[in-house]
Amino acid sequence: MRLAVLADIHGNADALRAVLHDARAQGAEGLIVNGDVVNRGPDSVAALEVLMNLPAAFPLGVRFTLGNHDDLVRLWQARSNLLPAGWFSDPFWGATAWSAEQLERAGVLHTPADWPMSLTLSAPGLTDVLVAHGTPHEYREGISERTALERVAELSEGGRYGVLIGSHIHRQADAVFELPGGQSVHVLNTGAVGAPADGDPRAGYLLLTATLQGWQTELRRVPYDRAGILRRFETSGLLGMGLSAQIFRDEIVTARSLYTPFWSWTEAEQLPRTAVTWAAFLRQHPAQSGYPVLPKT
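Residues numbered from 1 in each chain as written. Predicted model: local features only at pLDDT ≥ 70, side-chain atom pairs only at ≥ 80, totals over all residues. Heavy atoms only, no water.

Draft legend 1. Structural view of the pattern of salt bridges. Scanning all chains against the criterion turns up 19 salt bridges. With a shortest N-O distance of 3.6 Å, Asp128 and Arg160 are connected by a salt bridge. Of the two residues, Asp128 is situated in strand β5 (residues 128-132) and Arg160 in the loop between α5 (149-155) and β6 (161-166); the sequence distance between them amounts to 32 residues. Residue classification places Asp128 among the buried residues on the basis of a relative accessible area of 17%. Relative accessible area serves as the criterion here: at 42%, Arg160 is assigned to the partly exposed category. Residues Asp250 and Arg249 are paired through a salt bridge, measuring 3.9 Å at the closest nitrogen-oxygen approach. (Salt bridge = Lys/Arg side-chain N within 4 Å of Asp/Glu carboxyl O. Helix = DSSP H or I, 4+ residues; strand = E, 2+ residues; numbered from the N terminus. Buried < 20%, exposed > 50% of the residue type's maximum accessible area, 1.4 Å probe, protein only.)

Written as structure tokens, this is what we have:
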């Protein structure tokens, strides 16, 4: 049994198609989409429709888990009180509002409504595998080699799950943790299909294979032509939706995380998220952004 586990497509249909082509070429029989199909990029509707029409291509089927952006667009469109009220009038959120509207018009906004927070994979004679966008109770908690040993022990239920697979952090990870009781837990992160944040622009995903020797894993990277997705930021109208849309586009160009550190910086400094503060952030954090150093004027 060979499965492809992919996540963080973020409205990038070109990267998604490249990964699906590679997964089939590698003999993947089933597909697990580990959250964040939509938002950020211009192709949220297209990416979701591609995945919903895939079952025939994968004999073992296609399964989904819920990502924070899959949930965010639904909460946004419902004007949920789970989101700060000030967000709805803040132009910085224009890109999210645009994506939510596109999904609702296409009639697919609520497709993720019944996606679970996690999945358990089992195979005869092998340890169970836990798959979640973040963790089973918090889709914004990424796991990697930096996860504390105590947290790995908790998430693995003391070693019941011998493999933990997460996404969300937009970079791949592969580490083995030795628990105090002697069990080992393999922690993997799929990385991102649509918006990698490790400096490598290629789409990333995970191949997971059940063998007589145990679960075999391979973190793969797939090149694709980014010209199309960058062009659609402009032709779709998304790029005109404000600063966040520009940042999402720049994340594809640089293959770096820009949105989250900018958000955290403005929160810490109690600053609005505007073009002026964005320029200030880039001047103060040139290495993190992946851009050339800007003048201090």
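Draft legend 2. Looking closely at the pairing of strand β10 (residues 214-222). Bridge count for strand β9 (residues 203-211) against β10 is 9 bridges, and the pairing is antiparallel. Directly across from Ala203, in β10, lies its bridge partner Val222. In sequence, β9 turns back onto β10 through a hairpin of 2 residues. (Pairing = 2+ DSSP bridges.)

Draft legend 3. Inspection of the sheet that holds β9 at higher detail. In spatial order, the strands read β3-β2-β1-β9-β10; together these 5 strands make up an open sheet with mixed pairing. Of all strands in the sheet, those bounded by a partner on one side alone are β3 (62-64) and β10. Ignoring strand direction, the axes of neighbouring strands in this sheet form an average angle of 20°. Two elements, strand β1 (residues 2-6) and strand β2 (residues 30-33), share 4 bridges in a ladder whose sense is parallel. Counted as the bridge partner of Ala4 is Leu31 from β2. Against the sheet, helix α1 (residues 13-25) engages β1, β2, β9 and β10, with an angle of about 25° to β9. (Axes fitted to C-alpha atoms, helices over the stretch in contact; angles between N-to-C directions. Contact = heavy atoms within 4.5 Å.)

Draft legend 4. Highlighting the packing of helix α2 (residues 44-52) against helix α4 (residues 94-105). Put simply, α2 and α4 touch, their axes get as near as 9 Å, and they point 45° apart. With respect to α4, the element α2 is oriented oblique. Between α2 and α4, the residues in contact are Ser44, Val45 and Leu48 and Ser99, Gln102 and Leu103, respectively. Considering only residue class, the contact of α2 with α4 consists of 3 nonpolar, 3 polar and no charged. (Parallel < 35°, antiparallel > 145°, perpendicular 65-115°, else oblique. Nonpolar A, V, L, I, M, F, W, Y, C, P; charged D, E, K, R; others polar.)

Draft legend 5. Seen up close, the side chain of Thr190. Among the secondary structure elements, Thr190 is positioned in strand β8 (residues 184-190). For Thr190, a relative accessible area of 0% puts it in the buried group. Here the side chain of Thr190 touches Ser167 through a polar contact of 2.7 Å, side chain to side chain. When near neighbours in sequence (up to four residues on either side) are disregarded, Thr190 contacts Val5, Ala7, Ile165, Gly166, Ser167, Gln172, Gly204, Tyr205, Leu206 and Leu219. (Polar contact = N/O pair within 3.5 Å; in protein donor to acceptor, adjacent residues only side chain to side chain.)

Draft legend 6. Main features of helix α3 (residues 68-77). Counting buried positions along α3 yields 8 of 10 residues, so the element is predominantly enclosed. Every buried residue of α3 is listed here: Asn68, His69, Asp70, Asp71, Leu72, Val73, Leu75 and Trp76. On its buried side, α3 packs onto α4. Arg79 sits one or two residues past α3 and shows a positive phi near 50°.

Draft legend 7. Seen up close, the sheet that holds β8. The strand order β4-β5-β6-β8-β7 describes an open sheet built from 5 strands, whose pairing is mixed. On the outer flanks of this sheet lie β4 (118-121) and β7 (172-178), each paired with one strand and no other. Sheet twist, expressed as the mean angle between neighbouring strand axes with direction ignored, is 15°. One ladder, built from 4 bridges, connects β4 with β5; its direction is antiparallel. Of the residues in β5, the one forming a bridge with Leu119 is Val131.

Draft legend 8. Structural view of the pairing of β4. Of the two faces of β4, only one is covered, namely that formed by Leu119 and Leu121; the face formed by Ser118 and Thr120 stays uncovered. The turn joining β4 and β5, which pair antiparallel and follow one another in sequence, is formed by 6 residues; a positive phi near 80° is taken by Gly125.

Draft legend 9. Focus on the UniProt feature "domain: Calcineurin-like phosphoesterase" (unreviewed entry) in the protein. Feature annotation in UniProt places "domain: Calcineurin-like phosphoesterase" (unreviewed entry) on residues 1-171, given in this structure's numbering. Secondary structure over residues 1-171 splits into 30% helix and 16% strand, and the C-alpha atoms at its two ends are 25 Å apart. (UniProt positions renumbered as here; feature names shortened; annotations may be inferred.)

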